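Remarks on the overall topology
Each chain, written out:
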Amino acid sequence: MKKVILLTFILLFSTQIQSQNQNQKMKTIQPPIAKIIPKKLEKHGDVRTDNYYWLNERENPEVIDYLNKENEYYQKSTAHTKQLQDDLFAEMKSRIKEDDSSVPYFYNEYWYITRFETGKDYPIYARKKGSLDAKEEILFDCNEMAKGQSYFNLSGMSVSGDNKLVAFGLDLVSRRQYTIHIKNLETGEILSDKIENTTGGSSWSTDNKTLFYTGKDAQTLRSDKIFKHKLGTNASEDVLVFHEKDDTYSTFVYKEKSKKYIIIGSGSTLTTEYQILEANNPDGKFRIFQPRTRGLEYSISFYKDTFYILTNADKATNFKLMTSPENATSKENWTDLIPHRKDVLLEGIEIFKNYLVVEERSNGLNKIQIKPWDGSGDYYLPFNIETYTCYTTSNVDFDTDVLRYGYQSMATPSSVIDFNMKTKEKTVLKEQAVLGGKFDKNNYIEERIWATATDGTKIPMSVVYRKGIKKDGKNPLLQYAYGSYGSSMDPYFSSTRLSLMDRGFIYVIAHIRGGEDLGREWYENGKLLKKKNTFTDFIDCSKYLIAEKYTSAEHLYAEGGSAGGLLMGAIVNMAPELYNGVIAQVPFVDVITTMLDDTIPLTTGEYDEWGNPNEKKYYDYMLSYSPYDQVKAQGYPNMYVSTGLHDSQVQYFEPAKWVAKLRVLKTNNKQLFLDTNMDAGHGGASGRFEALKELAKEFTFLFDLENIKK
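Read on for an overview of the structure. (Residues numbered from 1 in each chain as written. Predicted model: local features only at pLDDT ≥ 70, side-chain atom pairs only at ≥ 80, totals over all residues. Heavy atoms only, no water.)

1. Some details on the packing of aromatic side chains
Each aromatic ring pair is characterised by the separation of its centres together with the angle its planes make. Tallying each qualifying case throughout the model produces 40 aromatic pairs. Judged by centre distance (5.7 Å) and plane angle (50°), the rings of Tyr-308 and Trp-373 are tilted. Note that Tyr-308 is positioned in strand E19 (residues 306–311) and Trp-373 in the loop between strand E24 (365–372) and strand E25 (379–380), a separation of 65 residues in sequence. Residue Tyr-308 is classed as buried on the basis of its relative accessible area, which comes to 9%. Judged by centre distance (6.3 Å) and plane angle (50°), the rings of Phe-699 and Phe-703 are tilted. Taken as a pair, Phe-699 and Phe-703 lie in helix H13 (residues 690–705) at a separation of four residues, close to a single helical turn. Of the two residues, Phe-699 and Phe-703, neither departs from the other in class, the shared state being buried. Aromatic ring contacts, followed pair by pair, group Phe-252, Tyr-254, Tyr-261, Tyr-274, Phe-289, Tyr-298, Phe-302, Phe-307 and Trp-334 into a single cluster. Geometry around Phe-352 places Lys-257 over its ring, the cationic atom sitting 4.7 Å from the centre. (Phe/Tyr/Trp six-rings, centres within 6.5 Å; stacked < 30°, edge-to-face > 60°. Helix = DSSP H or I, 4+ residues; strand = E, 2+ residues; numbered from the N terminus. Buried < 20%, exposed > 50% of the residue type's maximum accessible area, 1.4 Å probe, protein only. Lys NZ or Arg CZ within 6 Å of the ring centre and 35° of its normal.)

Laid out in structure tokens, this is it:
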């Protein structure tokens, strides 16, 4: 008996010592504290002090050292979750069909296919001439091309009209500065032509010798010049075709669907302009389609002898469709084809020989309308639930009755469908495979619910969760939103999200203002001097989810990236008590300083979205919500912040400065991690599965807070 008591005492003592050692070990993991070098920033008589401005110096060894120390702190603090990270990565990867391929599409005598092979990270681009039974011709094996590269992205493939050449862009840094190369598809040779600092895309003229492409400003990365390259010449000899000198605009070039015209576009947030040139006359002069007019947005398509113009002309807030003769394209020649509707957003069109296909958005939901040119009767494709998204896909052929579209919902894997517009028969060509044998969409419930915002506006949310969950306030819930640039966050399927839901999480997409989910006014009411609606909408959605017992503040988590990261920064300042944890991916958080620095990539083109802080009214408003400026001494949620050293969209130093300031001012001991990918940019790591490792980190952050071990 004494022996048993003694053994019990020893065991308890040993356990206590281990616990003390673990606690002591945790105490020794101290976060890095960035040094303070005050910098005074003055505008409109207002002086701000930025203690961490020095972190802007990308080449400064002290900056790199600080980022590495933050990474080390994150890695040591989460070392106990490493096995779970690895398990999650394996779990998410196991659901993905590795030897997968896209649905082939036919274009200019060839079937084009993108496929993946088991165990390989990158796509293989291939084609087959005339028939899917023909011999495969590999255009690019990106797995071979990516060897030895820490980052690899191939983009902008453009095949010449004679099918003998392909131009393509390569980015090996993740800064979205592509070098265009040209490959001879008959010999496999990469030609000597090499064009640096481009967007990656290009368009061939009909002569198969002239290539139009977009160049970037080396410092701001703004797409500002259109060049013409002649095959076999040095890029230094390329002709400047167009220079977009207004630094609030960017420019681009493409060949429209009928292949008759090369089109140069210029656009800012509120205004667009196009120039056209016959593709068989590459040395001709582009002519203006309709001169830019502040606030006039339009896009153009061509068929037979008519241009089709999607535009907000004549105060058509939700856009309308107009036409113009081929040789009289200015606005006074435009005629309504589909008039403006106050409750329907016109998003896009597809033109076929016998049909016009219209993509619309009504009450926040996608719709596809088929309109026969002969007037025999318009109709909509039928969809039966409220948490779906549909969209037209690769429709490159005019002379066909078949429309190809995609469909998915939050519980339904994405499908590619061919729909015969004449017979109304549909063929599901492919449904996304979810491997492992455990997935059944009938095990999940989808809902569309509405929260009431502070000003009375009804905000829709798309919700999905596993059957059997009780709304008792105890469920962990991840709430996601973006809410900027008029980008609609449609309900979509994600096989990786199953790792959340199968562990009891509810997943919610909040369709807040600043997106275009409920029409153009939805966007207008979440930008410029109404930007705070975006943040309060998200918070009001959170309060609704708590009130309706989907979750509670102890189990509510928020996630957003880029401009959605700005949203995260705003809500943790405004309502930190609502969230147990927040994931901020590449967050845009230093709004004032960034928008005042026109040397930073993309700044000037953003004025119509956020406002120009050189004007005091915008400065004052932006300052009132800028997450970095509004950090204060208060308790903050647990936070995981990620960024990429080479990010061209949101510079790495924004989240770095934000975290440094939070470390000093936050009044609680909750987790705060900065995880910097030293090789990647805005889109994260390259490679098909590398992104899953980053996602596994995010999920593990949530599971650790919920004490979910497996």
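Structure's up, so let's keep going.
2. Examining the side chain of Thr-534
Mapped onto the elements of the fold, Thr-534 is located in helix H7 (residues 532–547). Reaching out from Thr-534, the side chain makes a polar contact with the backbone oxygen of Arg-513 at a distance of 2.8 Å. Polar contacts involving the side chain of Thr-534 include one to the main-chain carbonyl oxygen of Gly-526, which spans 3.4 Å. (Polar contact = N/O pair within 3.5 Å; in protein donor to acceptor, adjacent residues only side chain to side chain.)

3. A look at the packing of helix H3 (residues 82–94) against H13
Running from N to C, H3 and H13 cross one another at 125°; their axes reach a closest spacing of 8 Å. Taken together, the axes of H3 and H13 are oblique relative to one another. At the point where H3 passes H13, the crossing takes the right-handed sense. Between H3 and H13, the contacting residues are Leu-84, Gln-85, Leu-88, Phe-89, Met-92 and Lys-93 on the first element and Leu-692, Lys-693, Leu-695, Ala-696, Lys-697, Phe-699, Thr-700 and Phe-703 on the second. Residues belonging to the contact of H3 with H13 are distributed by class as follows: nine nonpolar, two polar and three charged. (Axes fitted to C-alpha atoms, helices over the stretch in contact; angles between N-to-C directions. Parallel < 35°, antiparallel > 145°, perpendicular 65-115°, else oblique. Left-handed = near helix turned anticlockwise from the far one by under 90°. Contact = heavy atoms within 4.5 Å. Nonpolar A, V, L, I, M, F, W, Y, C, P; charged D, E, K, R; others polar.)

4. Quick word on empty space enclosed by the protein
Inspection of every chain in the model, using the stated rule, returns three cavities of 30 Å³ or more. Reported here for the largest cavity is a volume of approximately 80 Å³. Lining the largest cavity are Tyr-74, Ser-77, Thr-78, His-80, Thr-81, Gln-85, Gln-671, Phe-673, Lys-697, Thr-700, Phe-701 and Asp-704. Those elements that provide at least two residues to the lining of the largest cavity are helix H2 (61–77) and H13. Broken down by element, the residue count for the lining of the largest cavity peaks at four residues, all from H13. In terms of residue class, the lining of the largest cavity is made up of three nonpolar, seven polar and two charged. (1 Å grid on protein atoms, 1.4 Å probe; cavity = no way out; pocket = protein on both sides within 12 Å on 5 of 7 lines; lining within 4 Å. Points joined across faces, edges and corners; volume = space filled by probe spheres on them.)

5. Focus on the pattern of salt bridges
Here the structure, examined in full by the defined rule, presents 47 salt bridges. Asp-50 is the partner of Lys-657 in a salt bridge, and the nearest nitrogen-oxygen pair spans 2.8 Å. Pair noted here: Lys-657 is in helix H12 (residues 653–665) and Asp-50 is in strand E2 (residues 46–50), with a separation of 607 residues, a long-range link. A relative accessible area of 0% places Lys-657 in the buried class. Linked through salt bridges whose partners overlap, the residues forming this network are Arg-115, Glu-117, Lys-120 and Glu-136. (Salt bridge = Lys/Arg side-chain N within 4 Å of Asp/Glu carboxyl O.)

6. Here we look at the environment of Asn-333
Inspection of the secondary structure assignment puts Asn-333 in the loop between strand E20 (320–325) and strand E21 (335–338). Taking the C-alpha atoms as reference points, Asn-333 and Gln-290, separated by 43 residues in sequence, lie 10 Å from one another. With residues near it in sequence (within four places) discarded, Asn-333 still touches Thr-323, Ser-324, Pro-325 and Ala-328. From its side chain, Asn-333 meets the backbone oxygen of Ala-328 in a polar contact 3.5 Å long.

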